[in-house]
Amino acid sequence: MVRARTILSVAAIALLLGDGAFALLLTATAAPRSTTLTIEGTFPDYDGGRLGSNSSYRIALAFEIATRLPWYRGQVQALSVALTAQPGPGVRLVEPTTLSVQLQRWDAGVRTTFARELELLTLAGPDRWTTANTPMHISPNADVAGSSFFLAVALNVTVEYQDGSSYGIGGWEPDERTTFFDIRTDVAPFGAMALVAGGIGIALMVISSRRGRRPALGESSSRGPP
């Protein structure tokens, strides 16, 4: 009976130590790394206030979002966003004002938004803008985790054309989104607790083993002659 209990205790301690070491190793190998996610899109021809097909009135836009992947649940994420425009020859001026970044995922065929942040844009060079407050921050709820998340953007912008007309729109979204990424659960605390529990188990087994080898109270370690 005692031997069986000892075997079970050793197995439980080994399991705790193994799980703890694996969790910490998994966290170390999946440490967040700097990544730039890109969204490209073409703002269509709205010369004269209506949708047209003249390519000289179109604007190629690129949104570069610098972050660190993977994300972990319950953590505030910092994003540095830059917008670059390449207007066609019929465009005189591009004036973006605000940018919204949204964390989304497809759920049962429905695009669901889990978090969003809106920031003003400021000019950073010819046809290039960044958010006025850099970095911007996005805060998913603590229960948001899993795979296949992506970022989408929406832009408030006014365009002036060479013929003197202009067009403004709020919440324009390019068709593209970022590549998919994961929001993981940080298992490092669980790994640390498992290692601590395994260490305590080893200490208790050592103490119990030493007590079992001690002579009982009142009993001499050597017997006298009969």
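See the structure above.
Student: Outline the pairing of strand β6 (residues 110-125), supporting the account with residue identities and numerical values.
Tutor: Two elements, strand β5 (residues 91-107) and β6, share ten bridges in a ladder whose sense is antiparallel. Residue pairing across strands places Trp106 opposite Arg111, the latter belonging to β6. Hairpin connection from β5 to β6: two residues lie between these consecutive antiparallel strands, with Ala108 at a positive phi of about 55 degrees. When β6 meets strand β7 (residues 128-131), the two strands line up antiparallel, connected through four bridges. Bridge assignment links Leu121 to a residue of β7, and that residue is Thr131. Between the end of β6 and the start of β7, which pair antiparallel, lie two residues, with Asp127 showing a positive phi angle near 55 degrees.

Student: Go over the side chain of Gln104, please, and point to the residues and values.
Tutor: Of note, Gln104 is situated in strand β5. We classify Gln104 as buried; its relative accessible area is 2%. Here the side chain of Gln104 touches Gln102 through a polar contact of 2.8 Å, side chain to side chain.

Student: Before we move on, can you summarise the nonpolar core with the specific residues and values?
Tutor: Within the largest apolar cluster, 37 residues are counted, with the highest numbers of intra-cluster contacts made by Phe43, Leu61, Trp71, Leu103, Leu155 and Phe181. Looking at which element gives the most residues to this core, the answer is strand β9 (residues 146-161), with seven residues. Setting aside chain neighbours within four positions, we find Trp71 in contact with Gln77, Leu79, Leu103, Ile138, Pro140, Leu151, Phe181, Asp182, Ile183 and Arg184.

Student: Requested: an account of the packing of aromatic side chains, with residues and values cited.
Tutor: Applying the stated criterion across every chain yields a total of seven aromatic pairs. When the ring of Tyr57 is compared with that of Tyr161, the centres are 5.4 Å apart and the planes differ by 80 degrees; the resulting orientation is edge-to-face. Highlighted residues: Tyr57 in the loop between β1 (33-43) and β2 (59-69) and Tyr161 in strand β9, separated in sequence by 104 residues. Each member of the pair, Tyr57 together with Tyr161, is buried. Measuring from ring centre to ring centre gives 5.5 Å for Phe114 and Phe149, while their planes differ by 70 degrees; the resulting arrangement is edge-to-face.

Scoring rules and cut-offs
- Residues numbered from 1 in each chain as written.
- Predicted model: local features only at pLDDT ≥ 70, side-chain atom pairs only at ≥ 80, totals over all residues.
- Heavy atoms only, no water.
- Pairing = 2+ DSSP bridges.
- Helix = DSSP H or I, 4+ residues; strand = E, 2+ residues; numbered from the N terminus.
- Buried < 20%, exposed > 50% of the residue type's maximum accessible area, 1.4 Å probe, protein only.
- Polar contact = N/O pair within 3.5 Å; in protein donor to acceptor, adjacent residues only side chain to side chain.
- Core = buried A, V, L, I, M, F, W, Y, C linked by side-chain atoms within 4.5 Å.
- Contact = heavy atoms within 4.5 Å.
- Phe/Tyr/Trp six-rings, centres within 6.5 Å; stacked < 30°, edge-to-face > 60°.

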